[in-house]
Amino acid sequence: MTTSRPRRSRAPLTRRRFLALTAALAAVGCLALNRPAPARAATADDRAALAQWWAPVNFQDVDSTGETALGGKSDYITSYDYDGDLNGRNNWENTSQYPLAAHVYYSVVQTPSFSYLLYMYFHPRDWSDGILDNYQEDLTEHENDSEGVLEVVANDGSAHGQLKAAITVAHSNFYSWVPSGSDFTSGQESVDGTLKLQGDPHDDGHGRPFTTQQPNTHAAWAEGYLSKERDQYANGDGIVYYPGSTAEVPSGSDDRDVQYTLTDIFAPNGMWANRTLTTLFATPDNFAGDDSSDPYGAECGEGGVLGPANGACATDAANPPWAWDDADDLPGRGYLATDPAELVWDYFDWTGKPAAPDLAYTWDQYNGITS
């Protein structure tokens, strides 16, 4: 994905300049920065409950055409160990052999001002049916795929905080969204659109962030952003995933009520703990994936318009959240997960806001902060 967003044509307001400005104004009584109450989510159970409350509804568009699609199954979300092992190099092959129960990975990072809730969608295949259109620009297939969304929740003293914004991952580009009523506005990156909220029939119906993923390469946006996905959601096929207590398997390529379970990235023997396991990760920043043949379907790269002989099948190409990167944005590689306050500072405008992101993390397991 190479689509870029328009940039704001103004000098960047860096964190240092902002702090100097607000300190000067406060000194003369012109501005007071009142921090909200710390997040209630101080225990593991509270953090899990917060992640569950704001877990997104996700519409996965499905492509059922061609041998690689497996009738749409190649677009289902699941876990990286859906086949019962921690070998990332057989996930492409095993897609046809095992049920793809729905799982979504998450992590919680917190400061006194905000909670940053990250959700990762995993697919065993990033694939192409060889058709070029106006939304699918990356036709390099690879084993394993990882996309997702970061949600920004203000710690306002309530049990669940106030949702302010979301940033989705579409390959090597990030896109930012704000729900109606949010006071977040464009900063050094332009806000790309409105974050829709969707009720969940399995709970009290409170609004959840509504994301959508394209088929094949699974880039994530706010629902309604792409006309093709809008049409597919309204009139076509696809899977609607809701958070729940059971990891369900879609009944087919047009199942509009599939529950997923949340899995903590920092669970014992989980994703973060296994980042040096070489069967699962080629490097700590790359899921292991090869270009081996699939006896039950197409070889990785066969569907791409370039063909496998011309390098259409990439190896070790999928990144975990701590290595996600929008290369032409200011924040560094992996900041969406590991240093989200810095990234959110850059993405949005804090001039005159009552509370801007502080960088004193109270909980950030990526960096060993657990007090």
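Before reading on, note that the structure itself is shown above.
Small disclaimer: the values here were computed from a predicted structure and weren't measured. (Residues numbered from 1 in each chain as written. Predicted model: local features only at pLDDT ≥ 70, side-chain atom pairs only at ≥ 80, totals over all residues. Heavy atoms only, no water.)

**Q** Now, about the overall build of the chain: what can you tell me, with residues and values included?
**A** Secondary structure assignment for the chain yields six helices and 15 strands. Burial status across the chain gives 56% buried among its 371 residues. The contacts of the chain with a sequence gap of at least 6 include a subset with a gap of at least 24, amounting to 67%. Accessible surface computed for the chain: about 14000 Å², of which carbon and sulfur atoms make up 51%. (Helix = DSSP H or I, 4+ residues; strand = E, 2+ residues; numbered from the N terminus. Buried < 20%, exposed > 50% of the residue type's maximum accessible area, 1.4 Å probe, protein only. Contact = heavy atoms within 4.5 Å. Areas by Shrake-Rupley, 256 points an atom, 1.4 Å probe, with all protein chains shown as cover.)

**Q** Describe the environment of proline 112, and please don't skip the residues or the numbers.
**A** For proline 112, the position within the fold is in the loop between β2 (103–110) and β3 (114–126). Of the residues examined, proline 112 reaches a relative accessible area of 27% and is grouped as partly exposed. For the pair proline 112 and proline 357, spaced 245 residues apart in the sequence, the C-alpha separation amounts to 8.7 Å.

**Q** Can you lay out the packing of aromatic side chains for me, pointing to particular residues and giving the numbers?
**A** Evaluated as defined, the whole model comprises 24 aromatic pairs. A centroid spacing of 5.0 Å and a plane angle of 55° characterise the contact between phenylalanine 184 and phenylalanine 348, whose relative ring orientation is tilted. Of the two residues, phenylalanine 184 is situated in the loop between β6 (173–178) and β7 (193–194) and phenylalanine 348 in the segment after α6 (340–347); the sequence distance between them amounts to 164 residues. For the residue pair phenylalanine 184 and phenylalanine 348, the accessibility class agrees, reading buried in each case. On the basis of an interplanar angle of 90° and a centroid distance of 5.5 Å, the ring pair of tryptophan 272 and tyrosine 366 is categorised as edge-to-face. Remark: tyrosine 366 occurs in the segment after α6 and tryptophan 272 occurs in the loop between β12 (258–264) and β13 (281–283); sequence separation between them is 94 residues. Summarising the burial analysis for this pair, tryptophan 272 and tyrosine 366 share the class buried. Taken together, the aromatic side chains of Tyr80, Tyr105, Phe122, Phe266, Trp272, Phe281, Phe287, Trp322 and Tyr366 make up a single cluster linked through ring pairs. Its guanidinium or amino end placed over the ring of tryptophan 363, arginine 47 lies 3.3 Å from that ring's centre, counting from NZ or CZ. Lying across the ring of tryptophan 272, arginine 275 places its NZ or CZ 3.8 Å from the centre. (Phe/Tyr/Trp six-rings, centres within 6.5 Å; stacked < 30°, edge-to-face > 60°. Lys NZ or Arg CZ within 6 Å of the ring centre and 35° of its normal.)

**Q** I'd love a proper account of the pairing of strand β11 (residues 238–243), names of residues and values included.
**A** In terms of burial, β11 is a largely internal element, six of the six residues being buried. Across four bridges, strand β1 (residues 57–61) lies against β11 in antiparallel orientation. In the sheet register, aspartate 61 faces β11, and the bridge partner there is glycine 238. Examined bridge by bridge, β11 and β12 share three bridges and lie parallel to one another. When the bridges of β12 are listed, tyrosine 242 appears paired with glutamine 259. (Pairing = 2+ DSSP bridges.)

These results come straight from atomic positions and should not be treated as a statement about function.
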